[in-house]
Amino acid sequence: MGPPLNITEGEPLKNWQEIIEEQSQSNPPRLTVEDAIILYDKADFNSLRQVALHQRRQFTDPSEATYLIDRNINYGNACTINCQFCSFYRPPDTEGVYLQTKEQISARIKELEDIEGSRILMQGGVDPELPIEWYEEMLTFLKRNHPSIHLDCFSPIEIEGIAKVCGLPTIDILKRLQAAGMHGLPGGGAEMLVDDVRLGLSPKKGSGENWIKVMGEAHSLGLITTATNVIGFGETTAHRIGHMEKIRELQDNSNEQGFQGFTAFISWTVQLDNNTFGEKRKRNNQDKKVGPAEYLRHVAISRLFFDNITHIQASWLTMGMDVAQLALFGGADDIGSTMMEENVVSAAGTTKVLCTEKELQYAIIRAGFKARRRDSEYNLLATPNLGIDSESLPAPPPKQ
Ligand code: SF4
């Protein structure tokens, strides 16, 4: 069963061609939930991607696509939440549990500085033991030793976990972590915010409203965040659009109060190896993953739906670089980041987990865009010329 739709009684539903026509305008009307579902299910693939590319050009420089030099760091993997699709966590006090020291994390950041990186994205499990002081001490140490690096850390469920350990409200945890040097929050842990789906996959994670609440609090403190979405749990189109609707509403709310809120929306597909969810699917002969065409459809719809979020990011990690390049032609304006290491999605089957700056530049230039380095706030940075001359490529890239 999908989430309830706010369809106005008596209004005839449009056909997908009418909606594409509307969305092709320079200032199109806001895409409604019901129109988004019609487009998602019925629109011709190429028409949908074309209109998404058209809208992407209204948001960002049409000749450029961006990338970020960053590093993922997973400081610890002890977790009590047991999400069915997670292959990364270990129950506390079991074999394979680890927790990095601040010195170990600092050494990883040093390697990032060596390649001119500008941010770390640091997440871990929901550790039932670690008090807020552990996190504060780590952030203070990292900020002191790496002042130019943006520290984007701890998804909402981790913030909730720290709040529980300390018996404090989540807003107080956010304030203390921000004071210790936290720059922003990753958008992780959203997965599918519609509870029909969410509660079956991660009952201990709680309602999607918890994620929304913590993100709203983060916005109110001026913290930089992104919003994410994982698809492929067997959800309906209405669930997918329901997820986007919750994020769009929160963004409206944050923007109305004068906060930037989410900088970007990033979606990817669930990975099925080494986790309970994947095993169940395989047992039931449902091991087919979401394919590239459906993922690209999702990216295109997200560009059209989020009239209040500037950037749409493609995921090379889960879909591969070829598909990420195609996403740049269908709504996305950013190809993601170097990562340097990845331990969460890769534990569930992804094999390529890092990219060099040159690979990202090559992918963007080969797709016909000018490659621009950015920081975690999407400010453009000086971009080195790495010797990839689009004119000398084996065949000319398409012109934008
Ligand atoms: S996804 Fe996050 S919260 Fe869920 S089990 Fe894995 S580490 Fe824990």
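How each quantity is defined
Residues numbered from 1 in each chain as written. Predicted model: local features only at pLDDT ≥ 70, side-chain atom pairs only at ≥ 80, totals over all residues. Helix = DSSP H or I, 4+ residues; strand = E, 2+ residues; numbered from the N terminus. Rg over C-alpha atoms; globule rule 2.2 N^0.38 Å. Buried ≥ 20, exposed ≤ 12 C-beta atoms within 10 Å, placed from the backbone. Contact = placed C-beta atoms within 7 Å. Near = placed C-beta within 6 Å. Nonpolar A, V, L, I, M, F, W, Y, C, P; charged D, E, K, R; others polar. Pairing = 2+ DSSP bridges. Right-handed = clockwise from strand over helix to strand, strands pointing away. Core = buried A, V, L, I, M, F, W, Y, C linked by C-beta atoms within 7 Å. Arc of directions from axis to C-beta. Axes fitted to C-alpha atoms, helices over the stretch in contact; angles between N-to-C directions. Left-handed = near helix turned anticlockwise from the far one by under 90°. pLDDT = per-residue confidence, 0-100.

A. How the structure looks around the overall build of the chain. Looking only at helices and strands, one finds 15 helices and 10 strands in the chain. Taking 2.2 N^0.38 as the reference for a compact globule, 400 residues should give roughly 21 Å; the C-alpha atoms of the chain span a radius of gyration of 21 Å, in line with that estimate. A principal-axis box enclosing the C-alpha atoms of the chain has dimensions of 55 × 55 × 45 Å. Counting the 400 residues in the chain, one finds 48% classified as buried. Residue pairs at least 24 apart in sequence account for 78% of intrachain contacts in the chain once pairs closer than 6 positions are excluded.

B. Main features of the environment of Glu 391. Summarising the element assignment, Glu 391 is placed in the segment after strand S10 (370-374). Classification of Glu 391 by C-beta neighbours within 10 Å gives exposed; the count is 6.

C. View of unusual backbone geometry. Unusually for a residue other than glycine, Glu 191 sits at a positive phi of about 45°. Checked against the element boundaries, Glu 191 lands in the loop between strand S5 (184-185) and helix H8 (195-201). A positive phi is found at Tyr 378, a non-glycine position, where the angle reads about 70°. Following the sequence through the fold, Tyr 378 ends up in the segment after S10.

D. How the structure looks around the site of the ligand. Taken together, the neighbourhood of the ligand is formed by Cys 79, Ile 81, Asn 82, Cys 83, Cys 86, Phe 88, Tyr 89, Gly 125, Val 126, Ile 157 and Ser 202. Across the shell around the ligand, the residue classes break down as eight nonpolar, three polar and no charged.

E. A look at the pairing of strand S6 (residues 224-231). Along S6, six of the eight residues are buried, which leaves the element largely enclosed by surrounding structure. Of the pairings in the sheet, the one linking S5 to S6 comprises two bridges and is parallel in character. Bridging from a neighbouring strand, Gly 184 pairs with Ile 224 of S6. Note: S6 against strand S7 (residues 262-269), six bridges, orientation parallel. Along S7, the bridge assignment pairs Thr 228 with Ile 266. After leaving S6, the chain enters helix H10 (residues 237-256) and then returns to the sheet as S7, a path that is right-handed.

F. Looking closely at the nonpolar core. Of all hydrophobic cores here, the largest spans 106 residues; its most connected members are Leu 328, Ile 335 and Ile 364. Leaving out residues up to four positions away in the same chain, Leu 328 has contacts with Ala 65, Ala 314, Ile 335, Ala 367 and Phe 369.

G. Fine view of helix H15 (residues 357-366). Of the residues making up H15, those classed as buried are Glu 357, Leu 360, Gln 361, Ala 363 and Ile 364. End-on view of H15: buried residues confined to an arc of 160°, all on one side of the axis. In this structure, the buried residues of H15 make contact with strand S1 (64-68), helix H14 (321-328), strand S9 (334-337) and S10. After H15 finishes, the residue Gly 368 shows a positive phi value of roughly 100°.

H. Layout of the environment of Leu 272. Looking at the secondary structure, you find Leu 272 in the loop between S7 and helix H11 (276-283). Sequence-wise, Leu 272 and Asp 127 are 145 residues apart; in three dimensions their C-alpha atoms are separated by 24 Å.

I. How the structure looks around the packing of helix H4 (residues 102-114) against helix H5 (residues 132-145). With their axes 10 Å apart at the nearest point, H4 and H5 run at an angle of 35° to one another. Judged by the twist between their axes, the crossing of H4 over H5 is right-handed. On the side of H4, the interface is formed by Lys 102, Ile 105, Ser 106 and Ile 109, while H5 contributes Glu 137, Met 138, Phe 141, Leu 142 and Asn 145. Per-class residue counts for the contact of H4 with H5 are five nonpolar, two polar and two charged.

J. Spotlight on the pairing of strand S3 (residues 119-123). Judged by how many residues are buried, S3 sits mostly within the fold: five of five residues are covered. Here strand S2 (residues 70-74) pairs with S3 via five bridges, running parallel. Within the sheet, the bridge partner assigned to Asn 72 lies in S3 and is Leu 121. Handedness of the crossover is the feature at issue here: the chain leaves S2, passes through H4, returns alongside S3, and the resulting connection is right-handed.

K. Examining the confidence of the model for the chain more closely. The predicted model of the chain has a mean per-residue pLDDT of 91, with 92% of residues at 70 or higher. Confidence over residues 1-7 falls short of pLDDT 50; this stretch has 14 contacts with residues more than four positions distant or in other chains.

L. Expanded view of helix H7 (residues 170-180). Listed in full, the buried residues belonging to H7 are Ile 173, Leu 174, Leu 177 and Ala 180. Buried residues of H7, viewed axially, fall in a sector of 125°; they line one side. Residues of H7 that are buried make contact with H5, helix H6 (156-166) and helix H9 (208-220). Downstream of H7 by one or two residues, Gly 181 has phi in the positive range, about 130°.

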